[in-house]
Amino acid sequence: MPAPVRITFLGGLGEIGRNCAAFELEDRLLLLDCGLMFPDLEMPGVDLVLPDFSWLIENALRLEGCILTHGHEDHAGGLSFLLRHLSFPIYGSRLSLGLARNRLEEAGVLGNTELIAVADGERRRIGPFDVEFIPVTHSVPHGFATAFHTPQGVILHSGDFKLDLTPVDGRLTDLARIGSLATDPGIRLLLSDSTNAEEPGHTPSESSVGVVLRGLFERYPGKRIVVTCFASHLHRIQQVADAAVATGRIIATLGRSMATNVALARELGVLRIPDSSLIDIEQVGDVDRGRVCVISTGSQGEPMSALALMAAGENKWLKIGPDDVVILSSHAIPGNEGAVAKVIDGLYRLGAEVIHSGLAEVHVSGHGMRGELQTMLAVARPQCFIPVHGEFRHLTHHARLAVGLGVPAANVLLCEDGDVVALSDEGLDFVAEVPAGYLYVDGIVGDVSHGVLRDRRALAEEGVIVVVVTVDSHSGEIITGPEIISRGWVHAPEAEELLEEAKAEVRASLEQAAAAGATDFETLKRRVRAALGPFVNSRTRRRPMIVPVVMEA
Ligand SMILES: [Zn+2]
Ligand SMILES: [Zn+2]
């Protein structure tokens, strides 16, 4: 009986971000992506969110390596953290590895890995795994779908993809290869990108953005043009550069990641911009406005980014004014809409013209919509199906599409983070669960617990009251205090009376406790909280965090 293949989902199923799955064959593990997720408003102070790595760390000796499907942070951003604990090789396209390399170097973990470049269509063995890398189109170039040739048949993972028939670099999704695998030997299991499973139709080609950009460049001949997009969106950067060169403009990049990525992509031949069309951002002031195009980071309105500083009139190199046109060639990621709106307002206030995706077709998605997901299913004709890369609603809609295209409902599994499935002679089924909660990172350490986040939310929403009191350790009588310090509850000078009443409330409860013979700190602290909580609530209808500090003398 051929060995079963297990897949452990560590992230990306139930959220957009922190994509990570472990494929398991003959007791060996091969990771597919290791990404991060950006925090939402419910996670104050959190910089980023990672998969829970505890299961991987426990199984470190079984790990053969990690496949990187493409260079996006939601697929590669967790590697610099995981490589602090483990060491393993990473397989990916030269561009994906190049983009990841900078992050790994910065984190000082480059020594714990070997970066192994694979080519389009290449098939290679990694431990017991026989893996084939199939080109797909996406918003970062040189992405892969991954076909695992296993004793249980072919397992195809789509990676992030769209079916762009006129990609900027001419590199098409290799549907022909997927079709030929479907015919011989057949595709046993398909795992496919669900991001746009709720959107009808097809995602427009990336090339369509180029046409719109060119039109805008022609519409504003005398003005300086600033375009912002993701620094990894090299197809977009290529089209901005093409429009600039075609309309006689010289290009400067702004923002560190934009400069690094453009340099890397030019070196790899992924991006074609002639030397003569590039200048340093420091020289932009010397060039006539109508001859300049700046390509900048900050399309998500990130507070310290080049664009946010521009909008606040604080950018060192660019002073935005009525002679500028700013094009936001992007879509705000959910959670960033407010920040982006603020940046747009700031730019208008400075007198600039602003073009965003709500006004012109200056952005298209990198993920296929329903029509493309159906095409993928129809070409791959899988026996079993698992939707991946999406919130639960996206996964649900994608599962329905699969059933609609003839995959038996019993062979479609809706999995979530932490689920372990096995593909065996009997079919596809759930077999176990592993820990897969959020690992919150603030600064450089990943030890922000749910308790810490709960405290931060309480502090942010209701403020804090600290009560300091010194008591005699034998009698429990108050020696000094209580002193009350508050932040975010009431403004002290105007609430003098309220604070005095609160103190009296605390004093009374401690005296009562002392009379009853209670002298231990825990009891006294509890008494302070029990007295102050209801008082604060009844007088102000607020629930600040109450921190009693009881000292002994
Ligand atoms: Zn992606
Ligand atoms: Zn992704």
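Keep in mind the model is a prediction, meaning the values are calculated, not measured. Residue positions are given per chain, counting from 1 as you read along its sequence in written order. Chains and ligands are labelled by the order in which they are written, letters from A for the one and numbers from 1 for the other. Local features are withheld for residues below a pLDDT of 70 in this predicted model, meaning they are given only at 70 or higher, and side-chain atom pairs are given and counted only at 80 or more; totals for whole chains, interfaces and linings count all residues. Side-chain metrics in this entry use all non-hydrogen atoms of the structure; hydrogen atoms and water are not considered.

Looking at the pairing of strand β9 (residues 129-136)
Part 1: Only protein chains enter the accessibility calculation, which uses a 1.4 Å probe; a residue is then buried when its area is under 20% of its type maximum, exposed when over 50%, and partly exposed in between. For the purposes of this entry, the term helix denotes a DSSP run of H or I that reaches at least four residues, the term strand denotes a run of E that reaches at least two, and both are numbered from the N terminus. Counting buried residues along β9, 8 of its 8 residues qualify, which places the element largely inside the surrounding structure.
Part 2: Strands pair, by our definition, only if DSSP identifies at least two bridges between them. In the sheet, strand β8 (residues 123-126) pairs with β9 via 4 bridges, with the strands oriented antiparallel. Across the sheet, Arg123 pairs through a bridge with Glu132, a residue of β9.
Part 3: In terms of strand pairing, β9 meets strand β10 (residues 143-150) through 7 bridges, oriented antiparallel. By the bridge assignment, Pro135 is partnered in β10 with Phe144.
Part 4: The turn linking β9 back onto β10 is made up of 6 residues, and His142 within it adopts a positive phi angle of 60°.

Describing the sheet that holds strand β24 (residues 478-487)
Part 1: The strand order across the open sheet built from 3 strands is β24-β23-β25, with neighbouring strands paired in mixed fashion. Single-partner strands in this sheet number two, and they are β24 and β25 (545-552). Strand-to-strand twist in this sheet, taken as the mean axis angle between neighbours without regard to direction, amounts to 15°.
Part 2: Pairing of strand β23 (residues 464-471) with β24, which is carried by 7 bridges, proceeds in the antiparallel orientation. Here an angle of 0 to 180 degrees is reported between the N-to-C directions of two axes, which are lines fitted to C-alpha atoms, with helices fitted over the stretch in contact.

Digging into the packing of helix α4 (residues 94-106) against helix α8 (residues 256-267)
Part 1: Packing of α4 against α8 leaves a shortest axis separation of 10 Å and a crossing angle of 135°. Compared by their axis directions, α4 and α8 come out oblique. Read as a crossing pair, α4 and α8 show a hand that is right-handed. Each of Leu95, Gly98, Leu99, Asn102 and Glu106 in α4 lies in contact with α8, whose residues at this interface are Arg256, Thr260, Asn261 and Leu264.
Part 2: Under the grouping applied here, Gly and all other residues not named as nonpolar or charged are polar, the nonpolar ones being Ala, Val, Leu, Ile, Met, Phe, Trp, Tyr, Cys and Pro and the charged ones Asp, Glu, Lys and Arg. When grouped by side-chain class, the residues that make up the contact of α4 with α8 number 3 nonpolar, 4 polar and 2 charged. What sets the label is the angle itself: under 35 degrees gives roughly parallel, over 145 gives roughly antiparallel, 65 to 115 gives roughly perpendicular, and the rest give oblique. Each crossing gets its handedness from the near helix: less than a right angle anticlockwise from the far helix is left-handed, clockwise is right-handed. Pairs of residues are marked as contacts when any of their non-hydrogen atoms sit within 4.5 Å.

A word on the coordination of the zinc ion (ligand 1)
Part 1: At this site the zinc ion (ligand 1) is bound by His70 (NE2), His72 (ND1), His138 (NE2) and Asp160 (OD), with donor distances of 2.1 to 2.4 Å.
Part 2: For Na, K and Ca the donor cut-off is 3.2 Å, while for other metals it is 2.8 Å, and in both cases only N, O and S atoms qualify; water is not among them, so sites may look incomplete. For four-coordinate sites, all angles between 85 and 135 degrees define a tetrahedron; for four- and six-coordinate sites, opposite donors beyond 155 degrees with the remaining angles between 65 and 115 define square planar and octahedral shapes respectively, and all other cases count as irregular. Taken together, the 4 donor atoms coordinating the zinc ion (ligand 1) and their angles of 89 to 167° define a geometry best described as irregular.
Part 3: Motif for the zinc ion (ligand 1), donor spacing along one chain: H-x1-H-x65-H-x21-D.
Part 4: Taken as an interatomic distance, the gap from the zinc ion (ligand 1) to the zinc ion (ligand 2) is 3.3 Å; Asp160 donates to each of them. Here the residue His72 occupies a position in the loop between β5 (63-67) and α2 (73-76), and His138 occupies one in the loop between β9 and β10, the gap between them amounting to 66 residues.

Description of the pattern of salt bridges
Part 1: Throughout this description, the term salt bridge denotes a Lys or Arg side-chain nitrogen within 4 Å of a carboxyl oxygen of Asp or Glu. As enumerated under the stated definition, the model contains 21 salt bridges in all.
Part 2: Arg256 is paired through a salt bridge with Glu106; the nearest N and O atoms lie 3.4 Å apart. With a gap of 150 residues between them, Arg256 in helix α8 and Glu106 in helix α4 connect regions that are remote in the sequence. Side by side, Arg256 and Glu106 carry an identical accessibility label, which is exposed.
Part 3: Of the charged contacts in the structure, one is a salt bridge between Glu206 and Arg236, with a shortest N-O distance of 2.6 Å. Residue Glu206 is found in helix α6 (residues 206-219), and its partner Arg236 is found in helix α7 (residues 234-246); the two are separated by 30 residues along the sequence. The residues Glu206 and Arg236 share a single accessibility class, namely buried.
Part 4: Through salt bridges with shared partners, a single ionic network connects Arg6, Glu24, Asp27 and Arg62.

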